[in-house]
Amino acid sequence: MPPLSARRGDVPLLTRFFLQHFAAKLRRRPLEITPEALLALENYPWPGNVRELKNVLERASILTPPDQPLTVDDLPVELQLAALNSAGPDAPPLDERNLRSAEKQHIQRVLLEEHGNKTETARVLGIALTTLYRKIQDYGL
């Protein structure tokens, strides 16, 4: 069977299936998913294949409030960055007018580029390590 990255058309079907499955396990109605979040899922290369998609959706099902839709912000940082990178050059960044959102996205990007090394991330950002830890906590990264 080809990898999930070669079967991007299966991602929406699998996403809906897993969201319904986890909703049944949690005894609540399935989460709605925003088009941007679904696009991020479709554009991600899925190195862990279907198992990784399942784990991402299980985590999102648990952590996302049942009365809110699943958004890009509810996805792991790797998928958020994939969504930013796949938006295209003409698309504005997510919440471009919101400074808090821009800061969060920038910190996520540098964290990912530095492979999660917080000391190096703080150095690149030009902030104290304690400030980085506070921002990570504040933004839920």
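Everything that follows concerns the structure shown earlier in this document.
All values reported here derive from a predicted model rather than from experimental measurement.

**Q** Just checking my understanding: could you explain the packing of helix H1 (residues 10-26) against helix H3 (residues 49-63) for this structure?
**A** Where H1 meets H3, the axes come as close as 9 Å, and the angle between the chain directions of the two elements is 45 degrees. With respect to H3, the axis of H1 lies oblique. Judged by the twist between their axes, the crossing of H1 over H3 is right-handed. Residues Leu 14, Thr 15, Phe 18, Leu 19, Phe 22, Lys 25 and Leu 26 of H1 pack against Val 50, Leu 53, Lys 54, Leu 57, Glu 58, Ser 61 and Ile 62 of H3. Taken together, the residues of the contact of H1 with H3 sort by class into 9 nonpolar, 2 polar and 3 charged.

**Q** How should I be thinking about the packing of aromatic side chains in this particular structure?
**A** When we look at a pair of aromatic rings, we describe it by the centre distance and by the angle of the planes. On inspection of all chains with the given rule, the structure shows 3 aromatic pairs. With a centroid separation of 6.3 Å and 25 degrees between ring planes, the pair formed by Phe 18 and Phe 22 is classed as stacked. Of this pair, Phe 18 and Phe 22 both sit in helix H1, 4 residues apart, which is roughly one turn of that helix. The exposure class of Phe 18 is buried, given its relative accessible area of 7%. Note on Tyr 44 and Trp 46: the rings are 4.7 Å apart at their centroids and 80 degrees apart in plane angle, and the pair reads as edge-to-face. For Trp 46, a relative accessible area of 2% gives the class buried. Taken together, the aromatic side chains of Phe 17, Phe 18 and Phe 22 make up a single cluster linked through ring pairs.

**Q** Would you take a moment to explain H3 for this structure?
**A** Counting along an α-helix, one turn takes 3.6 residues, and residues three or four places apart therefore face a common direction. Taking 1.5 Å per residue, 15 residues should reach 21 Å; H3 reaches 22 Å between its end C-alpha atoms and fits that length. Within H3 the residues assigned to the buried category are Leu 53, Val 56, Leu 57, Ala 60 and Ser 61. Buried positions in H3, seen along its axis, are confined to an arc of 135 degrees and lie on one side of it. Away from its buried face, by an angle of more than 90 degrees, H3 presents the exposed residues Arg 51, Ile 62 and Leu 63.

Cut-offs applied
All chains use their own residue numbering, which begins from 1 and follows the written sequence. Given that this is a predicted model, residues contribute local features only at a pLDDT of at least 70 and side-chain atom pairs are listed and counted only at 80 or more, while totals for whole chains, interfaces and linings are drawn from all residues. For the side-chain quantities, the full set of heavy atoms in the structure was used; hydrogens and water were omitted. Lines fitted to the C-alpha atoms define the axes, with helices restricted to the stretch that makes contact. Angles between their N-to-C directions range from 0 to 180 degrees. For helices the rule is a DSSP run of H or I covering at least 4 residues; for strands it is a run of E covering at least 2, with both sets numbered from the N terminus onward. Each angle is binned into one of four classes, with values under 35 degrees roughly parallel, values over 145 roughly antiparallel, values of 65 to 115 roughly perpendicular, and all other values oblique. The crossing is said to be left-handed when, going from far helix to near helix, the turn is anticlockwise and less than a right angle, and right-handed when the turn is clockwise. Throughout, a contact is declared for two residues whenever any of their heavy atoms are within 4.5 Å. The nonpolar class holds Ala, Val, Leu, Ile, Met, Phe, Trp, Tyr, Cys and Pro. Asp, Glu, Lys and Arg form the charged class, and all remaining residues, Gly among them, are polar. Ring pairs are drawn from Phe, Tyr and Trp, using the six-membered ring of Trp, whenever the two centres fall within 6.5 Å, and their geometry is named by plane angle: stacked under 30 degrees, edge-to-face over 60, tilted for the rest. Burial status follows relative accessibility: with a 1.4 Å probe on protein chains alone, a residue under 20% of its type maximum counts as buried, one over 50% as exposed, and anything between as partly exposed. The span expected for a helix works out to 1.5 Å for each residue beyond the first. Directions from the helix axis toward the C-beta atoms define the arc.

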